[in-house]
Amino acid sequence: MILSCKDIEKAYGAETVLSSVSFLIEEGEKAAVVGVNGAGKTTLFRVILGETPHDGGEVILKKGADMGYLSQSPEFLDNSGTAQDELMTVFAETIELEAELRRLETAMSGLSGAALKSLMEKYDRTTREFEEGKGYSYKSLVKGVIKGLGFTGEELKLPLSALSGGQRARVALGKLLLREPDILLLDEPTNHLDMDAVAWLEDYLSKSFSGSLLMISHDRYFINSLASKIIEIENGVSKVYNGNYSAYAFQKEADRDSQIRRYVNQQREIKRQEAIIRRFRSYAQEWSIKRAKTREKMLAKVKRLELPKNTQKMRIILEPQTFSGNDVLHAEGVKKAFNEPLFENVGFDIYRGEVVALIGLNGVGKTTLLNCLLGRISYGGLIRLGAGVRIGYYDQEQSGLHPGKTVFNEIYDAYPHMKEQEIRTNLAAFMFCGDDVFKAVESLSGGEKGRLSLCKLMLGKANFLLMDEPTNHLDIFSREILEEAVRSYTGTVLYVSHDRYFISSTADKVIELTPTGAVTYNGGYDYYLEKRAERAETPEEREETATESKSDWLRRKDEESRERKRQTRSKRLESDIAAAEERIKMLDARLALPEVATDAQAAQACYEERAGLEERLHKMYEEWMAYSE
């Protein structure tokens, strides 16, 4: 054991954040802390670090263990040095030993006898210390981290004060990796990394880092590849699941279903016993009254189960008001420069019903390309929208929101025809309830602004959605809801994202933007990875591929692409149908509960959700049958 947390409690005034958090981290173990935004994950890290005092419980760190921490907004004591200088500070002692060796070498050149022997002994001791401090490898280690985290030569020359928050975060992460502490605490380590850098970090942590890892991350792909333990924080209480995120999600749902079934069965048995007790009492005989009292005592000892608490979740249904033509977007020879060329010769086509992921390295111009498509900035080349295309745009910066307005007025001013109750109902679907609707937009958190922007996007009922990093600021559970909404959407979607799990779950086409053009992959994320790997094939293999006639090759690829899309969509439909049917069963069980049946508002909510699911289920069955023929 390297870290132990036992019954950690933390409250801010009357608000309890953590009430009972317990878990163990073994040496070399990698674990992830998950929970909705505001669950107390970062607070837990600060308690572990000793930065925030806790109200109860204890934190035990193995004696002598070195702990490293990456915050979401790291700070540096000296902002005047460069990024490379800051990375090199990890090996300050080794660099000093290297300088000492050079001094000793110079001094020994003019000595002999006892004086030379004394210096040679010191030189041997210093050499051993130098080797133990990775003296012969530290420069290559630094270069590897610099390359892996995507630093450019120009960035390395800039003072830290001139770097962006994301760049400084990468410097702080690089320092931690080079330091190699016994246990790493990483708070959203992938936030400022592009997809290649995240893949490199995964590989580094899984193969090169031998210490323990405790991380907070919304990147499910990242968690899946590294974590062997999931620590969930819900309503201030922790629960530990062994396995990666996929295993946790499956077990979490199974536990919830089991808890509902046990609750329903217990309620049924309690009602049966109460009926028997009433019947015995109705006989008004001495023997029957004794039996009634005996059963009452037994019933009083039964530990009553509770329904699992319903964590409030976002509800989003994306649906176009009208359909576009089959050709949604054509781009040809698109280019853009800001003093220096950003990208050029970009061309691709998007068709109705496609979900397309636009990916590329940080700084390549993905958001700029979206702004070109929207006509917000000038560009070279041709961009043509198809017939009947109505665009809805989700901006990762939420620049379409008005800081001076309230949440309610943000929606009302955009859709003045909507009634107050209708606006409130839609805002409640995005977790703005009660007085939350009167909050000023400027006071909202990043996640709240993201949910408000998604609400406006949903109400717009556009048939072509352009989305720039839609999962930013959303917790894992909200991301899953957005994924389902995108999968069910019957319009067309083009989005920019670094969230590989989101891309893998939703995209049926990937466009990779580069400075010299765009490469289209007519398949999902796994297909994209497969084709990227094929770039490393031998010249002989490439020559063999080239012997096929171009027309035959294009036709075969087109057929393969259509078949992959058909199979992918069919599998998604099967999964969505199973999930919808399971949810209907759960709603039926909930409707059978007396407290729900006698609560008109709760029952109505269940009925409405069930009716919506039935309608969706019917449509999904029709589409699935068409794919299965």
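Let us look at the structure shown here. Being a predicted model, the structure only gives us computed values, none of them experimental.

## What to know about the overall build of the protein
For step 1, the next point in the chain: Regarding its fold elements, the protein presents 22 helices and 18 strands.
For step 2, the next point in the chain: Reported as C-alpha extents along the three principal axes, the dimensions of the protein are approximately 115 × 70 × 55 Å.
For step 3, the next point in the chain: Relative to its full complement of 629 residues, the protein shows a buried share of 43%.
For step 4, the next point in the chain: Across the protein, every contact between residues at least 6 apart in sequence was considered, and the portion connecting residues at least 24 apart equals 69%.
For step 5, the next point in the chain: As displayed, the protein has an accessible area near 32,800 Å², and 50% of this comes from carbon and sulfur atoms.
For step 6, the next point in the chain: Averaging the coordinates of the 87 positive side-chain charges in the protein and doing the same for the 99 negative ones gives two points 6 Å apart.

## Some points on the sheet that holds strand β16 (residues 492–496)
Across a sheet, paired strands are connected by hydrogen bonds in the backbone, their directions being either parallel or antiparallel.
For step 1, the next point in the chain: Spatially, β14-β15-β16-β12-β17-β18 is the arrangement adopted by the 6 strands of the open sheet, whose pairing is mixed. A single partner strand is all that each edge strand has here, and the edge strands are β14 (391–394) and β18 (517–521). Strand-to-strand twist in this sheet, taken as the mean axis angle between neighbours without regard to direction, amounts to 15 degrees.
For step 2, the next point in the chain: Examined bridge by bridge, strand β12 (residues 355–359) and strand β17 (residues 509–514) share 4 bridges and lie parallel to one another. Note that in β17 the partner of A357 across the bridge is V510.
For step 3, the next point in the chain: Packing against the sheet, helix α15 (residues 446–460) makes contact with β14 and β15 (464–468), and its axis sits at approximately 175 degrees to β14.

## Let's talk about the side chain of R451
For step 1, the next point in the chain: Positionally, R451 belongs in helix α15.
For step 2, the next point in the chain: For the buried R451, which has no salt bridge, the nearest side chain bearing the opposite charge is E448, at an N-O separation of 4.4 Å.
For step 3, the next point in the chain: If near-sequence neighbours (up to four positions away) are discounted, R451 is found in contact with M314, F430, M431, F432 and L474.

## Quick word on the pattern of salt bridges
For step 1, the next point in the chain: On inspection of all chains with the given rule, the structure shows 33 salt bridges.
For step 2, the next point in the chain: In this structure, R583 and E609 form a salt bridge, with 2.9 Å as the shortest nitrogen-oxygen distance. Within this pair, whereas R583 is found in helix α20 (residues 550–591), its partner E609 is found in helix α22 (residues 600–628), the two being separated by 26 residues in sequence.
For step 3, the next point in the chain: The class for R583 is partly exposed, based on a relative accessible area of 32%.
For step 4, the next point in the chain: Among the ionic contacts, a cluster of salt bridges with common partners joins E96, E100, R103 and K122.

## Looking at the pairing of β18
For step 1, the next point in the chain: With 5 bridges connecting them, β17 and β18 associate as antiparallel partners. Bridging from a neighbouring strand, L513 pairs with A518 of β18.
For step 2, the next point in the chain: Hairpin geometry of β17 and β18 is characterised by an intervening segment of 2 residues between the two adjacent antiparallel strands.

## Regarding the nonpolar core
In a soluble, globular protein the nonpolar side chains are often hidden away together inside.
For step 1, the next point in the chain: By size, the foremost hydrophobic cluster in this structure holds 47 residues, and its most contacted members are I316, L427, F430, L452, L454, M467 and Y495.
For step 2, the next point in the chain: With 6 residues, the single largest contributor to this core is α15.
For step 3, the next point in the chain: Ignoring sequence-local partners within four residues, the contact set of L454 consists of M314, I316, Y394, F430, M467, L474 and L482.
For step 4, the next point in the chain: Counting residues in each nonpolar core, the second largest holds 42 residues, with A32, A172, F209 and Y241 among its members.

## Things to note about the state of the cysteines
Should the sulfur atoms of two cysteines be covalently bonded, the bond is a disulfide.
For step 1, the next point in the chain: One pass over the structure, following the stated rule, counts 0 disulfides.
For step 2, the next point in the chain: Between C433, a free cysteine, and C455, which holds the nearest cysteine sulfur, the sulfur-to-sulfur gap is 12 Å.
For step 3, the next point in the chain: The class for C433 is partly exposed, based on a relative accessible area of 33%.

## Focus: helix α1 (residues 41–49)
For step 1, the next point in the chain: All of the buried residues along α1 are K41, T43, L44, F45, V47 and I48.
For step 2, the next point in the chain: A positive phi of about 85 degrees marks G50, the residue just after α1.

## A closer look at a nonpolar patch on the surface
For step 1, the next point in the chain: Judged by side-chain polarity, M1, L24 and I60 come together as a nonpolar surface patch covering roughly 240 Å² of accessible area.
For step 2, the next point in the chain: Tracing the chain through its elements places M1 in the segment before β1 (3–12).

## Observations concerning the pairing of β1
For step 1, the next point in the chain: Pairing geometry for β1 and strand β4 (residues 56–61), over 5 bridges, is antiparallel. Note that in β4 the partner of C5 across the bridge is V59.
For step 2, the next point in the chain: For β1 and strand β2 (residues 15–25), the ladder comprises 7 bridges, and the chain directions are antiparallel. Each residue of the ladder has a partner; that of L3, found in β2, is I25.
For step 3, the next point in the chain: Once β1 ends, the chain turns through 2 residues before running back antiparallel as β2, passing G13 with a positive phi of about 65 degrees.

What counts, and where the lines are drawn
Residues numbered from 1 in each chain as written. Predicted model: local features only at pLDDT ≥ 70, side-chain atom pairs only at ≥ 80, totals over all residues. Heavy atoms only, no water. Helix = DSSP H or I, 4+ residues; strand = E, 2+ residues; numbered from the N terminus. Buried < 20%, exposed > 50% of the residue type's maximum accessible area, 1.4 Å probe, protein only. Contact = heavy atoms within 4.5 Å. Areas by Shrake-Rupley, 256 points an atom, 1.4 Å probe, with all protein chains shown as cover. Lys, Arg positive; Asp, Glu negative; His and termini not counted. Charge placed at Lys NZ, Arg CZ, Asp CG, Glu CD. Pairing = 2+ DSSP bridges. Axes fitted to C-alpha atoms, helices over the stretch in contact; angles between N-to-C directions. Salt bridge = Lys/Arg side-chain N within 4 Å of Asp/Glu carboxyl O. Core = buried A, V, L, I, M, F, W, Y, C linked by side-chain atoms within 4.5 Å. Disulfide = S-S within 2.5 Å. Patch = residues over 30% accessible without salt bridge, like charges linked within 9 Å, V, L, I, M, F, W, Y side chains within 5 Å.

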